[in-house]
Amino acid sequence: DASVTLLVRVARLGTRFVLLLAEDRTEAKRLDAVRRDFIANISHELKTPIASVGLLAEAVDQAADEPERVRRFASRLSEESSRLARITNEVIQLTRLQANDAVAERALLDLDEIVAVAIDQNRVLASGKRIELALRTRSKARVWGDRELLIVAVHNLVANAIAYSPEGGRIGIGTARRDGIVEISVTDQGIGIPEEDLDRVFERFYRVDQARSRHTGGTGLGLAIVKHTAEEHGGDVRAWSTLGRGSTFTIRLPEAASAADAADAGAERP
Ligand code: ADP
């Protein structure tokens, strides 16, 4: 009977709709939990430097007659405030990336140039530890993306490689392209990452060793920013490591063959 068939069909559709709604709510709940977790983490990360700033300000006040102590406290005040600035900047960056509104404008970019800028930004840090930054290849690859974001991503990998390398170490930075994919690899001969932590280092605020990371001034956000930036550009980031021997981080991105291709993809020309 036609009306019964119709009723059954409506009932089925109704059930499917309710199931979809339920799934949606579960996802909404999960996202809500992730957000709450993130905020709790941020508060936790900010507590220590904020408390230090308060204590140091008091200490400066009490040491007013002893210039040497004032200088020491003032220098630590400046360190803590840099740390606060760094955490705040990275949180803002990550929040924008997660809200998918970070990529302001895309342009056709020369990958080697991006890598060169990121290396230059790290030269002072590297020479402070007598570390050699060796650019291994030139890919002449082009990507369609946000220049500033991509520079930050490569910068973070190079800065980590320096932070977790011994004095006098060597860091290899290479670009390559094949089968429509471009790669940027950063290889160090540093302390390495235990296998069980390798997948987790891309999580926000995750640090393999809290004490070690705090010593290097790390925020635990650098690799989360790399991961989100790579994904925002249709790519990914992966890590390989041997404890005590070193690590390799590789960002992979889709190659933009030409400006015309990019325009075909519906994006604006640079
Ligand atoms: P951080 O600011 O603490 O370096 P990241 O998100 O950049 O935060 O990295 C997360 C953690 O991964 C670091 O705390 C560190 O333990 C580990 N890590 C990252 N890069 C390297 C590397 N090149 N060698 C060894 N450990 C690394």
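The residue numbers shown here count from 1 along each chain, following its written sequence. Whole-chain, interface and lining totals are the exception, using all residues; otherwise, since this is a predicted model, local features are given only for residues with pLDDT of at least 70 and side-chain atom pairs are given and counted only at 80 or more. Processing note: side-chain calculations cover all non-hydrogen atoms of the structure and skip hydrogens and water entirely.

Per an unreviewed UniProt entry, the chain is named Sensor-like histidine kinase SenX3, and its organism is Agromyces seonyuensis. UniProt positions are given in the numbering used here, feature names are shortened, and annotations may be inferred rather than shown by experiment. Note on the chain: under the UniProt heading Cofactor (unreviewed entry), the record states "a divalent metal cation". Of the chain, the UniProt comment under Catalytic activity (unreviewed entry) reads exactly: "ATP + protein L-histidine = ADP + protein N-phospho-L-histidine."

Undergrad: What is the right way to look at the side chain of Thr 219 in this model?
TA: Helix numbers and strand numbers start at the N terminus; a helix is a DSSP run of H or I with at least 4 residues, a strand a run of E with at least 2. Its location among the elements puts Thr 219 in the loop between α6 (210-215) and α7 (222-232). Accessible area is worked out with a 1.4 Å probe on protein chains only. A residue is then buried under 20% of its type maximum, exposed over 50%, and partly exposed in between. According to the relative accessible area criterion, Thr 219 is buried, its value standing at 5%. Here a polar contact means two N or O atoms within 3.5 Å. Within protein one must be a hydrogen donor candidate and the other an acceptor candidate, and residues neighboring in sequence count only if both atoms are side-chain atoms. Of the polar contacts made by the side chain of Thr 219, one reaches the side chain of Glu 90; its length is 2.4 Å. Here, residues are in contact when the closest pair of their heavy atoms is within 4.5 Å. Ignoring sequence-local partners within four residues, the contact set of Thr 219 consists of Glu 45, Arg 86, Ile 87, Glu 90, Phe 205 and Arg 207.

Undergrad: Explain the pattern of salt bridges to me, please; I cannot follow it from the model alone.
TA: Between side chains of opposite charge, a pair can form as their charged atoms come close. One side-chain nitrogen of Lys or Arg within 4 Å of one carboxyl oxygen of Asp or Glu is enough to make a salt bridge. Within the structure shown, the criterion is met by 16 salt bridges. For Asp 236, the salt bridge is made with Arg 252, and the minimal N-O distance between the two is 3.1 Å. You can see Asp 236 sitting in strand β6 (residues 236-242) and its partner Arg 252 sitting in strand β7 (residues 246-254), a full 16 residues away along the chain. Assessed through its relative accessible area of 23%, Asp 236 is described here as partly exposed. Several salt bridges share partner residues, and in doing so they unite Asp 32, Arg 35 and Arg 36 into one network.

Undergrad: Sorry, what's going on with the packing of aromatic side chains here?
TA: To describe a pair of aromatic rings, you give the distance between the ring centres and the angle between the ring planes. Two aromatic rings from Phe, Tyr or Trp, using only the six-membered ring of Trp, form a pair when their centres are within 6.5 Å; if the ring planes differ by under 30 degrees the pair is stacked, by over 60 it is edge-to-face, and anything between is tilted. Counted by the stated rule, this structure contains 2 aromatic pairs. Here Phe 38 and Phe 205 contribute two aromatic rings whose centre-to-centre distance is 6.1 Å and whose plane-to-plane angle is 40 degrees, an arrangement assigned as tilted. Note that Phe 38 is positioned in helix α1 (residues 2-62) and Phe 205 in the loop between β5 (181-188) and α6, a separation of 167 residues in sequence. The buried category is assigned to Phe 38, whose relative accessible area is 6%. Ring geometry for Phe 202 versus Phe 249: centroids 6.1 Å apart, planes at 75 degrees, classification edge-to-face.

Undergrad: Looking at this structure, I do not really get the nonpolar core. What am I missing?
TA: Nonpolar side chains in soluble globular proteins tend to end up buried together. Side-chain atoms within 4.5 Å are what join buried Ala, Val, Leu, Ile, Met, Phe, Trp, Tyr and Cys residues into a set we call a nonpolar core. Leu 133, Ile 171, Ile 173, Phe 249 and Ile 251 are the most contacted members of the largest nonpolar core, which has 37 residues in total. Elements represented by at least two residues in this core include exactly α3 (111-121), α5 (147-163), β4 (170-178), β5, α7, β6 and β7. Looking at this core, the element that brings in the most residues is α5, giving 8 residues. With near-sequence residues (within four places) excluded, Phe 249 lies in contact with Leu 157, Ile 184, Ser 185, Val 186, Ile 193, Val 201, Phe 202, Leu 223, Arg 238 and Ala 239. Counting residues in each nonpolar core, the second largest holds 11 residues, with Phe 38, Ile 87, Leu 97 and Ala 224 among its members.

Undergrad: Explain the sheet that holds β6 to me, please; I cannot follow it from the model alone.
TA: Hydrogen bonds between backbone groups are what pair the strands of a sheet, and the pairing can be parallel or antiparallel. DSSP calls a pair of strands paired once it identifies at least 2 bridges connecting them. On the basis of which strands lie adjacent, the open sheet formed by 5 strands has the order β2-β4-β5-β7-β6 and mixed pairing. Edge positions in the open sheet fall to β2 (132-135) and β6, since each of these has one partner strand only. Direction aside, neighbouring strands of the sheet carry axes that sit 15 degrees apart on average. Alignment of β2 against β4, held across 4 bridges, turns out to be parallel. Looking at the pairing, Glu 132 lines up with Arg 170 of β4. Lines fitted to the C-alpha atoms define the axes, with helices restricted to the stretch that makes contact. Angles between their N-to-C directions range from 0 to 180 degrees. Sitting on the sheet, α3 touches β2, β4 and β5, and the angle it makes with β4 is about 165 degrees. Lying over the sheet, α5 contacts β2, β4, β5 and β7, oriented at roughly 25 degrees with respect to β5.

Undergrad: What should I look at first to understand the pairing of β4 in this one?
TA: Along any regular strand the residues' side chains alternate between the sheet's two faces. Sheet topology note: the β4/β5 ladder contains 7 bridges and is antiparallel. Across the sheet, residue Ile 173 finds its bridge partner in β5, namely Val 186. With antiparallel pairing between neighbouring strands as the criterion, β4 and β5 make up a hairpin whose turn holds 2 residues, including Asp 179 at a positive phi of roughly 50 degrees.

Undergrad: Quick question: what am I supposed to make of the pairing of β6 here?
TA: Summarising the sheet, β6 and β7 pair through 7 bridges and their orientation is antiparallel. Counted as the bridge partner of Asp 236 is Arg 252 from β7. With antiparallel pairing between neighbouring strands as the criterion, β6 and β7 make up a hairpin whose turn holds 3 residues, including Gly 244 at a positive phi of roughly 80 degrees.

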